[in-house]
Amino acid sequence: MSSFDFNSLSRPAIGPKPIDPIEVFRTASSLENTPNDLWRGQSQALEKWHTVRAKKDVLVSLHTGAGKSLVGIIMAQSLVNEGIQNVVYACATNDLVQQTENECRTKLGFECTTRMGGSFSNELFENGTAFCITNYQALFNSRTKFRGDLRPGAIIFDDAHVAEKVIRDCYTISLRRKENEDGYKEFIHTVLPFFESIMRREFLIAIANGASTYSCTAVPPNAVVSIARSGILNDWLSKHGLSGSFAYGHLADKLSTCSIFIARDGIEIAPAFLPSKRMDFLASNEVRRIYLSATLSSEVDFCRAFGKRPSERIVPENDAGVGERLIILRRRDQLTLNGKDNPEFTALAQEIASHHKVLIASSSYPSAKKYEALAKPPAAKDFSAALDNFRSSSSPGAFSLVARVDGIDLPHGTCRVSIVDGLPTGFSLCERFQFDSLEMRNSFAARIANRIVQLFGRTNRGRNDYSVILSFDDRLISWLKKNRNLALLPSLLQSQIELGRVLVDQFKIKDAASLPNLADQVLKRDAGWLSFYKDTIGASKLSDEDRQQARDTDEALLKGSLAEAEFAALMWDGRPELAREALGEAIHSVASADRRLAGWYSMHIGHSFELEGDSETAKKHYSDARSRTFFDIALPQPSTQKSIMKDITPRNAFHEQLIQLFASDKAVARNPWDKYNSQIKEILSDTASSNKHEEAVRLLGEILGFTATRPEQESDENSTLDVLWLSKDKKSAFLWSLKSRKYSNSTLNGEEIGTGHLHLEWFRAAHPGVRHELFFLAPDAECVSTAYPSDDMKVVLLDSMREFYRSFDQAMINLFRLPPAERIIECEAMSMRGEWQEEGLREALAPVAISRRAAI
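Below is a short write-up of the structure.

Reading guide: rules and limits
- Starting afresh in each chain, residues are numbered from 1 along the sequence in its written order.
- Under the rules for a predicted model, residues below a pLDDT of 70 receive no local features and side-chain atom pairs below 80 are neither given nor counted, while totals for whole chains, interfaces and linings still include all residues.
- Remark: hydrogens and water are excluded; side-chain values derive from all non-hydrogen atoms of the structure.
- Helix and strand labels come from DSSP, where a helix needs a run of H or I of at least four residues and a strand needs a run of E of at least two; each type is numbered from the N terminus.
- We compute the radius of gyration from the C-alpha atoms alone; for a globule the expected value is 2.2 Å times N to the 0.38, where N is the number of residues.
- Burial classes: relative accessible area under 20% of the type maximum marks a residue as buried, over 50% as exposed, and values in between as partly exposed (1.4 Å probe, protein chains only).
- Throughout, a contact is declared for two residues whenever any of their heavy atoms are within 4.5 Å.
- Every accessible area reported is derived by Shrake-Rupley at a probe size of 1.4 Å, with residue values counting cover from the shown protein chains alone.
- Any carboxyl oxygen of Asp or Glu within 4 Å of a side-chain nitrogen of Lys or Arg constitutes a salt bridge here.
- Each polar contact in these results corresponds to two N or O atoms within 3.5 Å; when the atoms are within protein, one needs to be able to donate a hydrogen and the other to accept it, and residues that are neighboring in sequence are counted only if both atoms are side-chain atoms.
- Being paired, for any two strands, means DSSP has found at least two bridges between them.

Considerations on the overall build of the protein
From N to C terminus, the protein includes 35 helices and 27 strands. Scaling as 2.2 N^0.38, a compact globule of 856 residues should have a C-alpha radius of gyration of about 29 Å, and the protein matches this with 29 Å. Principal axes of the C-alpha set define a box for the protein whose edges measure 110 × 70 × 55 Å. Taken over 856 residues, the protein has a buried fraction of 58%. Considering only contacts within the protein whose residues lie at least 6 apart along the sequence, 73% involve residues at least 24 apart. For the protein, the exposed area adds up to about 35900 Å²; of that, 49% sits on carbon and sulfur atoms.

Structure below.
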């Protein structure tokens, strides 16, 4: 029987195509996989976008698994129907390009073009009748085809929450040591003299040999400027085939403004901050930009990727993508397997993978290596095929995913169990240097939180999905124990993590062999589990203080991210004198949230002076960088000044601080104390954020000669302590828990006293034998009757701290007013006076015992 040729039929005159996105969906072809209707969140997102579609930068946030790709496809078709030329849909990976094309054709029946591997799949995009689905690299490489007649009129950036990494890759020149040993060694030989000149030769050699405590180092900015301007760097790039890379096309004339990082496994050259404001597709007012993102707790990484805040943010109310999870966090030293304590990672994974399909998500290839007996990471060219095979398999087994947090969807029965190994950091050498060497914990917190949300969403893709997630990694478990980190996660995920802890504690899970059975009961929909989940899941137990601290931190870091974008743009323009002004204005506000990030800024302000040939001023900023990071960064030291103060041997740690503060024996116009006092005086403020209060107390301790830190924000240790003053001889310490934002006459509650006991336990384990006291900085010295404070706990009343600060401030002012010669003598005399020694400080702070309020 012959078939009917529907193409031969005459048709009525075609009217204008709909541009309302809801109508675009309704007129889509009815195919086997076409959804009956849009989810509520999808409809709300499209309706809201339609009212603001003319705006240039619109962010649409939906939960992971809530169907944002379908929303983006409908928006793309709506823009094509509107007549916008060259609509581009950008994906983070080629796998996602293929997934999005498949969704476009099989769910909606829309025509589209794809571009991967250097070619268009058809002519529809080029002749203006369809949008193009491609990857970020195709857009942002220096030889992009999307220019001239193909220049986009609108771009939809899918997975905008991971864009910073992908765009950074397009601006990074990389040499992998295993692929070019000669090139690696030649570069080490080139920069070695610069490290020798600052007494860091052996440090660099240890990095290159993998024998250092630190995994990578930054090349000193003066060395970068020198080898870039002399042509040595260009010659090296050309000799080793790197001058033909897409990234080199961006950086060829900007090498002297870049940062260079060296690790045992390679070398990377990239801008310290992305010049997003100078990227045509991101800066042009002629391009409409739509950013599709998972729900963001912070806009900081968005600003670092795109150089701006969105002009409109659409966050529909919906629970699509909010699936059920059992999250098991258990360190290896808390487990046994087959009678052995502290079982190996491979053994734990093997035990679980023998019963279930398991996704093993590792933060790095070294982390993934320990699982190779079970699953090896597939090569890039084989990745899609290997993943498809894993998806379709019905047998237990494992798939290894490395340094990747998005673009891998394993919904429903394709995989319901995952093992997460390592904190998701170090995806570039710049990031590795910042996190591992400079320990920029706080500034990375929102980024890590975002990545954890994505990782935990790989095997959980919808409202009716469910999964089991396990981690045995110390760093990830420690990170998730800190309330200020948890405050950055969605509230449901916070509650799921707490539920997992309760379950593990109540079942007293010790035998790892029980984990597959636990997972099996959950995945087989055990009635008891479903009832427990329903009754236990709910509101997060985080305090308002934790949430407020997270908001305060984010506000400071957001200001910093915008300053970074301005700095990068002006450095790109060759205007270092203006660039450093932009970054300098943000340093003090950023320092209260993460002083190590402020130190990173100081380093690059120094770089800006190097570009102008002012190495002496640069060195002063390098000193600030060292002081703020507590890390001996490989940077030039200030030249020795001929000053009497410099020749004085400090009598104690406080005297050393005074010498550094008043280093010149010459008359100066401004009191150097003012630089620090602008932050320390926040102690007087009733409205300053918790971050500013903590940094004020920390900085005061530093000036007084203590090693002063903020353990919760600056280390991986299991501490939530706000501030620690540790004497330089490590014989005594003051521990500070700040309750300065409590209302007057409010008492310390049982949870706060309980946390105080944990602070003391942590300190005694971390610093055995060191004399110590815990001070609550609070308006009142009472606690509730049900709390039991230790004798090592005291309260320093806010009024006492403020009185102490005022007297210290006046002493520093008086010191500055002295003639230089007298100031030198008084610095030593002041440092030796009893009131500035430990017992004198304690007396001045006047700590009082905590009294228990009588029960009513």
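So much for the structure itself; the text now carries on.
With respect to the pattern of salt bridges
Taken as a whole and judged by the stated rule, the model has 59 salt bridges. Close ionic contact of E23 with R26 constitutes a salt bridge, the shortest N to O distance being 2.8 Å. With E23 and R26 both in helix 1 (residues 21–26), this residue pair falls three residues apart, about one helical turn. Under the relative-accessibility criterion, E23 is labelled partly exposed at 32%. A relative accessible area of 59% means that R26 is categorised as exposed. In this structure, D333 and R331 form a salt bridge, with 3.2 Å as the shortest nitrogen-oxygen distance.

Considering the side chain of S608
Tracing the sequence through the fold places S608 in helix 26 (residues 595–611). For S608, a relative accessible area of 0% puts it in the buried group. Side-chain polar atoms of S608 contact the side chain of R580, separated by 3.3 Å.

Looking at the side chain of R168
Among the secondary structure elements, R168 is positioned in helix 6 (residues 163–170). Reaching out from R168, the side chain makes a polar contact with the backbone oxygen of A272 at a distance of 3.0 Å. Apart from residues no more than four positions distant in its own chain, R168 is found in contact with A270, P271, A272, F273, L274, S428 and C430.

Here we look at the pairing of strand 21 (residues 723–726)
In strand 21, alternate side chains face the same way, and those of V723 and W725 on one face and L724 and L726 on the other are all buried. The sheet contact formed by strand 20 (residues 707–709) and strand 21 spans three bridges and is antiparallel. Bridge pairing in strand 21 places T707 opposite L726. Relative to strand 22 (residues 732–738), strand 21 runs antiparallel, the two being bridged by four bridges. Bridge pairing links W725 to F734 in strand 22. Hairpin connection from strand 21 to strand 22: five residues lie between these consecutive antiparallel strands, with K730 at a positive phi of about 60°.

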